[in-house]
Structure formats: C-alpha cells, structure tokens
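Results of the structural survey
So the chains spell out like this:
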Amino acid sequence: MKFLFGPVPSRRLGLSLGVDLLPPKTCTLDCAYCQLGRTTCLTLARERRVSQEGVLAEIRSRSEDDFDYLTLAGSGEPLLHLGLDEIIRGAKDAIDRPVVLLTNGTLFFREEVREEVMEADLIVPSLDAATQATFERVNRPHPDLKIDEIIEGLVRLREEFVGEIWLEVMLVKDLNEIEAPLIAEAVERIDPDRVQLNTVVRPPAEPVQPLAPEEMERMLEVFSGAEVIASWKRDLSKKTEVLIIDLLSRRPCTLEELGNLTDLHRNEILKYLEVLESEDKIARLRHGENLYFQVKRG
Ligand code: SF4
C-alpha cells in the first residue's frame, strides 16, 4: 500500500510530503466543505487501520527527497490512527524535516490523544464553530462530539504542547460566518501561535459558498492578529497537469477515478483540479450523488 503522497505545494507549508494513515474517508466529521466528498466512516474509534511498519519504511525510503515538511494528513482525521506517537517518533528519526500534524482537533479532549502528539513540531488544528448548532451545520460531527469539550481540549493542548500551534478557521458563507465573533472568543482562549483564516476553495464536493475577498479582509478585524491564507504558488508538475487534462478530455471523471487512473493521491489531484478550475480549463458536473470533472470546450 502507498501511504505517502506528493510532495505537493501547500498554501501554508511550502513543499509538503503527505502521509495518509487512513482508508478514505474515515473521519470524526463530515464537513459541508470537505473536498474529499462525504464521510463514509464517521467514527470516534481509534485503531491501527494501516501498517505502522509499512508507513515508516516508506518514509525512510523518501528521506533524501526534496520537501520542506512531512505532513500527517490525508483521507480523513489522522488522530483516529492509534499509535500516532510511534509514527511521529519514527519519522523524526528517519528525516531531518519538521513533522506537522494537520487535524480537525476534535479528539484533543482525550488525554491519551494529546499525549500521542507531543513530539510533533507543529500542530495545525481547525475550529469552525463555537456553538453546537453551528458545529452540527458546518461540520456534521459524530453524534457524541460536543463543541464545548473540543474547545476545552484545544485549550489543554495549548497548555501542554511546547511546539507551535497554528489554528485554522474555515469560514463558509451562510453556515458559520455569522458566528465569527464567538469563534474569535474561543480562539482567544485557546491562544495559538498563529490564527489562519480560510474560506472554501474549489472544488468542494457540495455546493457551499466561499466568503468574498473583501469579506475575508473584514474578518481580520474580528480575529485579532489573524492572517488570511495566501494563494499558494502554482509550481505543480506540467506533466501531471497535461495527464489530467488528457483524461478529462476523454470523459468526465470523479476524484476517485482520477486517483485510480493516475496513481496519485486524492489530495494531490485536488491541487491540480483547484488550479485547472480557477483557470477555467475544467468544470464540475453533478450526477446523482457523484461529482464529476470535465474539460471545458471551446
Ligand atoms: S475534518 Fe477534514 S477530512 Fe474530515 S470531513 Fe472535515 S474537511 Fe473532510
């Protein structure tokens, strides 16, 4: 099994080599804006779903590659992998680049989960709501998750973790923007090193709307000291871009089909689709439950 993807240019982390520890899409949430589609395994159960040794062997084999960060991310929520501490420690032994954990932050209210991430260099959690109603609207969580406990968990993490925490807030038109002042209060309590405001980038699987650039600018007044995540450099592989265009010119494909046809990870393909869609070269097409991408003609 292939656990690593990229390196891909990340808006926050330069060139990031991704590690995927989960079968798609295993998550504690089913966010309305998720680029990976609906969550098929909504769970709070932490398990070893992939081979620990297999992951570490693959990381060792890429130790000489050119990348800035090793990022635990992927097809769902990395905190659902039991034994994250062994992966982080093993990765740090194998490579001399910082190890980053991208997480939705929902499980930090559990002490044993916080303990497993202490050796990461950087944790990038997210928080999109401050009340249970908004949490359920934007993140569609597992029924046992409570936003108050999650916020407390993030406060605890800040107290115990010595590395940097960059907290991301995803703002979605009509879903959570109204709650921004309350989210900002929670962020202040958590006191991360950086606060990064984001909005929906295309292509999410569902028709949710981003905030306009001027609305994002106004949000900087609500979240003091925050930054809006800038567009990442478009230094993607030309060869892969041509391959994706070629495939989509033959017939519309879903994200999953593109993954099978190109042997690339979904998260990597999403970077290309995002750029191709912003350049008006491809369009999306919804058919029943499925989201297809197709080349724009003439
Ligand atoms: S937490 Fe991330 S992977 Fe999970 S549903 Fe939300 S956006 Fe998707």
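See above for the structure.
These lines cover the structure that appears in this document, whether it is placed above or below. Since the model is a prediction, treat every value here as computed from it, not as a measurement.

**What to know about the pattern of salt bridges**
Side chains that carry opposite charge are capable of pairing whenever their charged atoms lie near each other. By the definition in use, this model includes 24 salt bridges. We note a salt bridge from R49 to E47, for which the minimum N-O separation is 4.0 Å. Close ionic contact of E160 with R114 constitutes a salt bridge, the shortest N to O distance being 2.9 Å. On the criterion of sequence distance, the pair formed by E160 in helix α5 (residues 147-160) and R114 in helix α3 (residues 111-116) is long-range, its members being 46 residues apart. Given a relative accessible area of 36%, E160 falls into the partly exposed group. Judged by its relative accessible area of 3%, R114 falls in the buried class. Shared partners join several salt bridges into a network, and the residues in it are K238, E241, E279 and K281.

**Things to note about the site of the ligand**
Surveying the vicinity of the ligand reveals the residues K25, C27, L29, D30, C31, Y33, C34, T39 and N104. Given that more than half its atoms are within 2 Å of the pocket grid, the ligand belongs to the largest cavity. Partitioned by chemical class, the residues of the shell around the ligand number five nonpolar, two polar and two charged.

**What to know about the pairing of strand β6 (residues 99-102)**
Of the pairings in the sheet, the one linking strand β5 (residues 69-73) to β6 comprises three bridges and is parallel in character. By the bridge assignment, T71 is partnered in β6 with V100. Chirality of the crossover, the property in question, places the unit of β5, helix α2 (residues 84-94) and β6 among those that are right-handed. Relative to strand β7 (residues 122-124), β6 runs parallel, the two being bridged by three bridges. Among the inter-strand pairings, L102 is bridged to a residue of β7, identified as V124. Handedness of the crossover joining β6 and β7 through α3: right-handed.

**Here's the deal with the nonpolar core**
Grouped together as the largest cluster of nonpolar side chains are 89 residues, with contacts concentrated most on L127 and F223. In terms of nonpolar packing, the next biggest core, distinct from the first, is built from six residues, Y69, V100, L122 and V124 among them.

Basis of the calculations
Sequence order as written defines the numbering, with residues in each chain counted from 1. Per-residue local features of the predicted model are confined to residues with pLDDT of at least 70, and side-chain atom pairs are confined, for both listing and counting, to 80 or more; whole-chain, interface and lining totals are unaffected and use all residues. Hydrogens and waters are ignored; side-chain quantities use all the structure's heavy atoms. For this document, the term salt bridge refers to a Lys or Arg side-chain nitrogen within 4 Å of an Asp or Glu carboxyl oxygen. Under the DSSP-based scheme used, a helix requires at least four consecutive residues in state H or I and a strand at least two consecutive residues in state E, with every element numbered from the N terminus. Categorising residues by exposure relies on relative accessible area from a 1.4 Å probe, with only protein chains included: less than 20% of the type maximum marks a residue as buried, more than 50% marks it as exposed, and the intermediate range marks it as partly exposed. A cutoff of 4 Å decides nearness: a residue is near a molecule or strand if any of its heavy atoms lies inside that distance of it. Here a cavity denotes grid points, spaced 1 Å and computed from the protein atoms alone, that fit a 1.4 Å probe unable to get out, and a pocket denotes an open set having protein on both sides within 12 Å along at least 5 of 7 lines; residues with an atom within 4 Å of a point are the lining. Grid points define the cavity or pocket, and a molecule sits in it when more than half of its atoms lie within 2 Å of them. Each residue receives one of three labels: charged for Asp, Glu, Lys and Arg, nonpolar for Ala, Val, Leu, Ile, Met, Phe, Trp, Tyr, Cys and Pro, and polar for the others, Gly being one of them. Following DSSP output, two strands are said to pair if at least two bridges run between them. Every crossover in which the path from the first strand over the helix to the second runs clockwise, viewed with the strands pointing away from the viewer, is termed right-handed. Among buried residues, the Ala, Val, Leu, Ile, Met, Phe, Trp, Tyr and Cys ones that are joined through side-chain atoms within 4.5 Å form a nonpolar core.

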